[in-house]
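So the chains spell out like this:
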Amino acid sequence: MEATLKSDLHAKDTHAPAKSAIFWRPTAQTGLISWLTTVDHKKIGFLYGVFALFFFLVGGVEALLIRLQLMYPNGTVLTAQQYNTMFTMHGTTMIFLAVMPLSAAFFNFIMPLQIGARDVAFPRLNAFSLWTFVAGAIIVNLGWFMHDGAPDGGWVGYSPLTSKSYTPDHSIDMWVMGLQLLGVASIAASLNFIVTIINLRAPGMTMMRLPVFTWMTLITAFLIVLSFPFITIALVELMMDRLFGTNFFEVSNGGMPILWQHLFWVFGHPEVYILILPAMGIVSEILPTFSRKPLFGYPIVVFSGASIGFLGFSVWSHHMFTTGMGTMATAAFSLATMAIAVPTGVKIFNWIGTLWGGHISMRTPMMFALGFVWMFMIGGFSGVMHSAAPADAQQQDSYFVIAHFHYVLIGGSLFALLAGIHYWFPLMFGRKVSEFWGKLSFWVIFAGFNITFFPMHFLGLNGMPRRTFTYDANLGWNAANFIATIGALILGVGIFIYFAVMVYTFLKGEKVAKDVWDARTLEWSLPNPPPEYNYRVIPTVHARDAYWYNKQHKEEIAQEEAEHAKAEAAHGGIHMPHQSIYPFVASLGLLIAAVGIAVVDHDPSPGFWGKKIGLSMIGGVVMLAGIYFWALEGNEGYHLHLDDEGHAPADKNAAKH
Amino acid sequence: MRLSSLLTSTARWGRAGFALGALALLSGCDYNFWRMDGHQSTITVAGPVARSQLEVFYVTCWVTLVIFILVGGVLAYASLKFRAKTEAEEKAVPPEQGHGNPLIELGLIGASVLALVIIAIPTLKGIWYTYDVPEERKADTYEITATGYQWWFKFEYPSEQIAGTGALTTGNELVIPAGRPVRVNVRAIDVIHSFWVPKLAGKVDMIPNRGNFLWLQADEPGYFWGQCAEYCGDSHAVMRFRVIALSPKDFADWVAQQTSPARNVTPKPGESPKAQFASLRTFKQNETGITDKYDIAPLEAWKAKQFPEKGENTALVAQGKALFAAKTCVSCHEIRGHGAAGISGPNLTHIGARSTLAAGLIENNTEQLQRWIHDPGAVKPGNKMAKGYLDNNIKLTPEDEVALVAYLQSLK
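In this text the structure is predicted, and so the values were computed from the model without any measurement.

Caption draft 1: Fine view of the overall build of chain B. For chain B, the count of helices and strands is 12 helices and 14 strands. Relative to its length of 412 residues, chain B is extended, with a C-alpha radius of gyration of 29 Å against a globular reference of 22 Å. Burial analysis of chain B (412 residues in total) assigns 43% to the buried set. Sequence-distant contacts, at least 24 apart, represent 69% of the contacts inside chain B between residues at least 6 apart.

Caption draft 2: Structural detail: the overall build of chain A. Looking only at helices and strands, one finds 20 helices and four strands in chain A. Taking 26 Å as the expected radius of gyration for a compact globule of 657 residues, we find that chain A reaches 25 Å, a close match to that expectation. For chain A, the spread of C-alpha atoms along the principal axes amounts to about 75 × 70 × 50 Å. Taking all 657 residues of chain A together, 63% fall into the buried category. Looking at chain A alone, contacts between residues at least 24 apart form 84% of all its contacts between residues at least 6 apart.

Caption draft 3: The environment of A:Gly281, seen in detail. Position of A:Gly281 relative to the elements: it lies in helix H8 (residues 257–291). Note on A:Gly281: 30 C-beta atoms within 10 Å, which makes it buried.

Caption draft 4: Representation of the nonpolar core within the structure. A:Val283, A:Ala369, A:Phe372, A:Val373, A:Ala419, A:Ala594 and B:Leu200 are the most contacted members of the largest nonpolar core, which totals 320 residues. In contact with A:Val373, other than residues within four places in its own chain, are A:Val283, A:Ile348, A:Trp351 and B:Leu75.

Caption draft 5: Structural detail: the sheet that holds strand E2 (residues 152–162) of chain B. All names here are of chain B. Strand order in this open sheet of five strands is E3-E2-E1-E5-E8, and the pairing throughout is mixed. In this open sheet, the two edge strands, each paired with only one partner strand, are strand E3 (166–171) and strand E8 (212–216). Each strand of the sheet is rotated relative to its neighbour by a mean of 30°, with strand direction disregarded. Bridge analysis of strand E1 (residues 142–149) against E2 gives five bridges, and the strand direction is antiparallel. Bridging from a neighbouring strand, Thr145 pairs with Glu156 of E2.

Caption draft 6: A look at the sheet that holds strand E10 (residues 240–246) of chain B. Residue and element names in this part refer to chain B. The sheet built from three strands is open, its strands ordered E4-E10-E9 with mixed pairing. The open sheet terminates on both sides in strands that have one partner only, identified here as strand E4 (173–177) and strand E9 (222–227). When the angles between neighbouring strand axes are averaged without regard to direction, this sheet yields 25°. Pairing geometry for E9 and E10, over six bridges, is antiparallel. Paired with Trp225 across the two strands is Arg242, which belongs to E10. The sheet contacts of helix H5 (residues 248–259) involve E4 and E10, and relative to E4 the element is tilted by about 130°.

Caption draft 7: How the structure looks around the interface of chain A and chain B. Listed as interface residues are 83 residues of chain A and, on the opposing side, 87 residues of chain B. Elements with a contribution of two residues or more to the side of chain A that touches chain B: helix H4 (80–114), H8, helix H9 (298–311), helix H10 (327–355), helix H11 (364–387), helix H12 (389–395), helix H14 (435–461) and helix H15 (478–508) of chain A. Per element, the largest residue contribution to the side of chain A that touches chain B is 15 residues, and it comes from H10(A). When grouped by side-chain class, the residues that make up the side of chain A that touches chain B number 49 nonpolar, 29 polar and five charged.

Caption draft 8: Representation of the packing of helix H5 (residues 123–141) of chain A against helix H6 (residues 171–199) of chain A within the structure. Residue and element names in this part refer to chain A. Relative to each other, H5 and H6 sit at 165°, their axes nearing to 8 Å. By the criterion of interaxial angle, the relationship of H5 to H6 is roughly antiparallel. As for the relative orientation of H5 and H6, their crossing is left-handed in sense. Where H5 abuts H6, its residues Leu125, Asn126, Phe128, Ser129, Thr132, Phe133, Ala135, Gly136, Ile139 and Val140 lie against Met174, Trp175, Met177, Gly178, Leu179, Leu181, Leu182, Val184, Ala185, Ala188, Ala189 and Asn192.

Caption draft 9: Main features of the pairing of strand E6 (residues 193–197) of chain B. All names here are of chain B. The buried fraction of E6 is high, at five of five residues. Of the two faces of E6, the one lined by His193, Phe195 and Val197 and the one lined by Ser194 and Trp196 are each fully buried. Here E6 runs beside strand E7 (residues 201–206); their pairing, made up of four bridges, is antiparallel. Residue pairing in the sheet places Phe195 in a bridge with Val204 of E7. With antiparallel pairing between neighbouring strands as the criterion, E6 and E7 make up a hairpin whose turn holds three residues.

Caption draft 10: Examining unusual backbone geometry more closely. Between A:Ser159 and the following residue, A:Pro160, the backbone shows a cis peptide bond with an omega angle of 0°. Here A:Pro160 lies in the loop between H5 and H6. The omega angle of the peptide bond from B:Gln150 to B:Trp151 is -5°, so this bond is cis rather than trans. Non-glycine residue A:Arg292 carries a positive phi angle of around 55°. Judged by local crowding, A:Arg292 falls into the buried class, with 24 C-beta atoms found within 10 Å.

Caption draft 11: Examining H5(A) more closely. With 19 residues, H5(A) ought to run about 27 Å at 1.5 Å a step, and its terminal C-alpha atoms sit 28 Å apart, in line with that. Where burial is concerned, most of H5(A) is hidden: 16 out of the 19 residues are buried.

Caption draft 12: Structural view of the environment of A:Ala188. Residue and element names in this part refer to chain A. Its place among the elements puts Ala188 in helix H6. For the pair formed by Ala188 and Phe128, sequence separation is 60 residues and the distance between their alpha carbons is 8.1 Å. Among all residues touching Ala188, those that are not within four sequence positions of it are Leu125, Phe128 and Ser129.

Caption draft 13: Representation of the packing of helix H7 (residues 212–244) of chain A against H9(A). Residues and elements named next belong to chain A. Packing of H7 against H9 brings their axes to within 10 Å, and their N-to-C directions diverge by 15°. Relative to H9, H7 is oriented roughly parallel. Helix-helix and strand crossings are classified by hand; for H7 and H9 the assignment is right-handed. Facing Val212, Trp215, Met216, Ile219, Phe222 and Leu223 of H7, the residues of H9 in contact are Val301, Val302, Gly305, Ala306 and Gly309. Here the residues of the contact of H7 with H9 sort into nine nonpolar, two polar and no charged.

Caption draft 14: Highlighting H4(A). All names here are of chain A. The end-to-end C-alpha distance of H4 is 48 Å, a good match for the 51 Å that 35 residues give at a rise of 1.5 Å each. Within H4, the axis deviates most sharply at Met94, by approximately 35°. Summarising burial for H4: 32 of the 35 residues are buried, a large majority. Where H4 terminates, the next one or two residues include Gly116, which has phi positive at roughly 75°.

Caption draft 15: Highlighting the environment of B:Asp132. Mapping B:Asp132 onto the fold places it in the loop between helix H4 (102–131) and E1. C-alpha of B:Asp132 to C-alpha of B:Lys199: the two residues are 67 residues apart in sequence and 17 Å apart in space.

Caption draft 16: Quick peek at the confidence of the model for chain B. Averaged over every residue, the pLDDT of chain B is 90; residues scoring 70 or more account for 92%. On the interface metric, ipTM, the complex scores 0.91, and its pTM is 0.91.

Cut-offs and rules
- Residues numbered from 1 in each chain as written.
- Chains lettered and ligands numbered in written order.
- Predicted model: local features only at pLDDT ≥ 70, side-chain atom pairs only at ≥ 80, totals over all residues.
- Helix = DSSP H or I, 4+ residues; strand = E, 2+ residues; numbered from the N terminus.
- Rg over C-alpha atoms; globule rule 2.2 N^0.38 Å.
- Buried ≥ 20, exposed ≤ 12 C-beta atoms within 10 Å, placed from the backbone.
- Contact = placed C-beta atoms within 7 Å.
- Core = buried A, V, L, I, M, F, W, Y, C linked by C-beta atoms within 7 Å.
- Pairing = 2+ DSSP bridges.
- Axes fitted to C-alpha atoms, helices over the stretch in contact; angles between N-to-C directions.
- Nonpolar A, V, L, I, M, F, W, Y, C, P; charged D, E, K, R; others polar.
- Parallel < 35°, antiparallel > 145°, perpendicular 65-115°, else oblique.
- Left-handed = near helix turned anticlockwise from the far one by under 90°.
- Expected span 1.5 Å × (residues − 1).
- Bend = angle between axes of the 7 residues up to and from the residue.
- pLDDT = per-residue confidence, 0-100.

Printed below as a string of structure tokens:
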């Protein structure tokens with residue numbers, strides 16, 4: 001009975017007057033239009049993944065150029081300015097355009113399936129998040145094709161270097177507007193995920209039965225919603241300084257550069273956990289599946305995730321130990337940072353506890369997940385070293401920091417995301433990557449990663465500052481830099497193998513039956529790839545590791561499902577949201593407006609207001625039009641009636657009430 | 001079959017790589033980067049502040065190493081011991097579906113907290129110790145103001161006042177008395193920089209509109225490498241400096257020399273201006289400007305720079321002095337006593353007595369000095385002097401350059 005909750009909610013829609021006569025209802029299932037108008041969380045997740053991987057490769061090329069420049073002392077591969085652009089764009093790209101959207105791809109694709117929902121709470125808002133993310137990514141990268149060049153203020157964009165006095169060209173404006181749009185996209189998506197997880201859980205899916213990945217999605221979404229406003233404020237202030245001559249950061253007028261750092265890191269530190277918590281969630285799914293045991297200490301893993309989220313807001317100034325905060329503040333942030341090591345350590349203990357006594361099958365996803373635990377542990381330890389403020393005074397802004405955060409971001413986040421791709425690939429596409437190629441790519445990536453970043457600890461302790469385009473041969477940095485570059489090339493080869501194999505598998509890989517890993521969570525009860533409507537019958541959850549329980553109680557579950565199917569059919573079938581172009585239109589408007597603000601020349605002649613304001617206004621009108629049409633077209637949706645084999649009728653309109 | 005042939009070829013390539021690596025090691029390449037004893041090492045320290053920071057670092061190292069061995073050991077053991085070796089084992093009846101053990105969890109949480117306390121105590125001590133000069137040594141403290149510019153450092157000595165001009169001012173080479181605490185007040189004029197001399201003390205940021213400071217002490221006389229540690233624009237990587245610690249007597253001599261006006265070279269009658277060195281060669285982008293001779297004994301090299309060079313061409317120096325005014329160098333640089341009073345560039349009153357140029361980037365010799373004034377933008381991308389050449393249409397002939405070099409080198 002509870003299973004029909006969702007249909008009940010929407011039942012009234014079927015009696016509402018049809019608005020389709022006025023508004024275009026795209027129904028294309030294939031082709032460009034279908035992708036631009038899709039509201040299916042799986043398609044949106046797929047697109048997030050594709051864009052993220054594209055930018056991941058772009059960021060990777062930037063990284064390789066950086067390493068080539070530093071391979072030998074006094075390198076000449078890049079000029080100073082090109083190098084500064086590379087590391088700025090590498091950081092910005094990897095964080096905002098690769099790791100975050102790749103996490104978002106999993107949030108979108110997997111989370112609704114894990115909680116037994118048919119889509120996210122606001123499908124069109126989801127599409128809007130995707131396209132706004134794409135708009136932001138375009139603007140951040142626009143500089144590559146322009147005279148002013150791409151941004152070169154560092155990914156932290158410290159004022160006053162980014163103010164008009166020291167970077168007069170448009171590169172920083174593009175960075176500012178790009179990040180603003182990415183923030184809009186992230187906040188919109190996160191609100192969507194929060195509402196989805198709280199409201200659309202299948203009957204019986206209590207909070208303490210949520211799969212850990214979904215829990216981490218929820219915590220990450222809260223972190224995004226609470227932390228992005230800070231960078232939004234900082235970026236607005238910077239934009240006001242740059243466009244209208246306000247005085248937030250302009251030193252010559254009494255501005256306070258340190259204000260930027262506080263605002264940036266109040267966002268920036270939770271951001272670190274935004275990057276790592278989804279990864280922890282993925283690993284907390286993979287380890288139990290391949291150990292064939294439930295997660296050890298589920299409640300503690302969940303609570304430690306939440307406490308990492310809370311504490312993550314109280315440690316931002318450990319990025320600023322060298323800014324002269326005084327003894328008391330330094331001590332407080334030092335201790336708070338150490339405290340965060342406790343819940344983090346707890347997670348590692350519990351992952352080991354999960355392995356203990358299990359039947360571990362060393363499949364590719366498991367290899368990446370175990371690689372994650374090892375590498376994240378090393379990154380965590382160097383993190384503890386940073387928390388000791390006196391030691392950090394030597395490590396801050398040196399290659400030691402570079403080593404640390406690449407261990408948590410590549411060895412941590414990225415390994416887990418690569419594990420997740422391998423793990424859920426059979427579910428997403430019905431094909432499985434060959435074990436040989438998967439493991440080969442793992443070992444090459446693992447070796448390349450460590451050869452690149454382990455020597456950087458020594459480089460940092462030996463006094464090499466980060467963000468430097470050249471160094472002299474007499475400082476003792478030659479060998480470590482050379483080895484790091486060789487490692488980076490190996491890492492590049494590993495990543496290439498990984499993706500080449502992934503593309504091959506997508507097209508021609510071995511087809512597999514459902515639930516190929518004998519997994520534990522609900523998404524694996526679906527056929528692969530999952531149908532548009534996900535669940536033919538909304539499942540009822542009886543235990544944590546719901547699908548594992550279902551597999552142990554096949555008969556009762558089958559009976560229960562048959563009853564629920566009947567009840568749902570009586571309520572009008574499977575209710576589905578309509579496709580819509582308007583979220584895309586709204587994002588397009590944002591793109592145009594942001595281009596107007598960021599790129600159109602700041603020309604003091606009267607023409608300037610005409611041009612700059614003009615393009616921004618056009619963008620604003622397009623965006624408002626998109627939003628209004630989106631609101632007015634309504635969310636009536638349609639119903640699917642499946643035949644006995646589970647096939648939906650070919651013509652959607654015929655199915656409409 | 002394809003698979004196995006690939007495996008063999010992988011193995012072959014692996015062997016080839018291994019052989020190449022071994023060859024590289026044997027051929028005498030210096031691969032022992034773990035020694036960490038470079039000029040900017042934070043491990044081979046030379047003063048109490050850096051030592052205190054290093055001690056805290058070692059505590060964190062040992063504690064985390066022990067935890068790593070314990071936790072890593074258990075992780076490795078569990079991964080190997082409970083691994084399903086065959087497909088049959090994988091498909092066997094699943095193990096007991098246990099959900100965890102609260103007692104183990106609590107115990108481990110307690111142990112983690114304990115380990116952090118071990119780190120926290122020296123951390124707190126270190127924070128207070130490294131923050132400011134200890135009370136009992138305050139009276140003995142020497143005070144200096146360091147100001148960051150894009151991309152060089154200005155050093156002012158408030159206790160060495162010069163009548164009519166104010167505090168003694170130098171650039172890019174900070175000379176301090178050894179064995180005494182030195183309190184460095186750090187300031188910035190344009191963007192954020194960071195003052196870092198790894199062997200003496202951890203960094204403190206130089207932030208505009210903010211009065212930061214740090215303290216450091218060199219135990220013995222010595223020559224130390226420093227570098228800006230906060231990204232500050234195009235030439236951040238080449239914004240370096242030196243700290244030279246001298247014995248009390250040497251320091252007093254140095255102060256006496258520095259507080260006197262610029263050295264005057266009287267032209268010898270009948271001497272004609274003639275360059276005494278080869279014409280400028282072309283330099284590669286980012287080419288190093290440091291010789292081994294200097295690098296092996298930098299303090300001696302610095303000391304040698306304190307005395308006038310033998311056989312200066314006095315006529316050339318006089319010509320250079322005139323050019324320094326004629327080419328408007330004076331509007332940015334100060335040469336006390338020679339009528340040059342610009343303040344936006346480094347003070348050059350005793351430039352000839354410095355061991356490095358262009359913010360610690362290149363050695364101070366005739367060749368490198370000419371390289372610098374010939375095309376400052378090529379040495380240090382985006383710097384003000386290059387822009388100044390363009391804005392003021394300053395063009396130097398090779399003869400001009402040679403004369404200017406001779407003049408600047410004479411300023412001991």
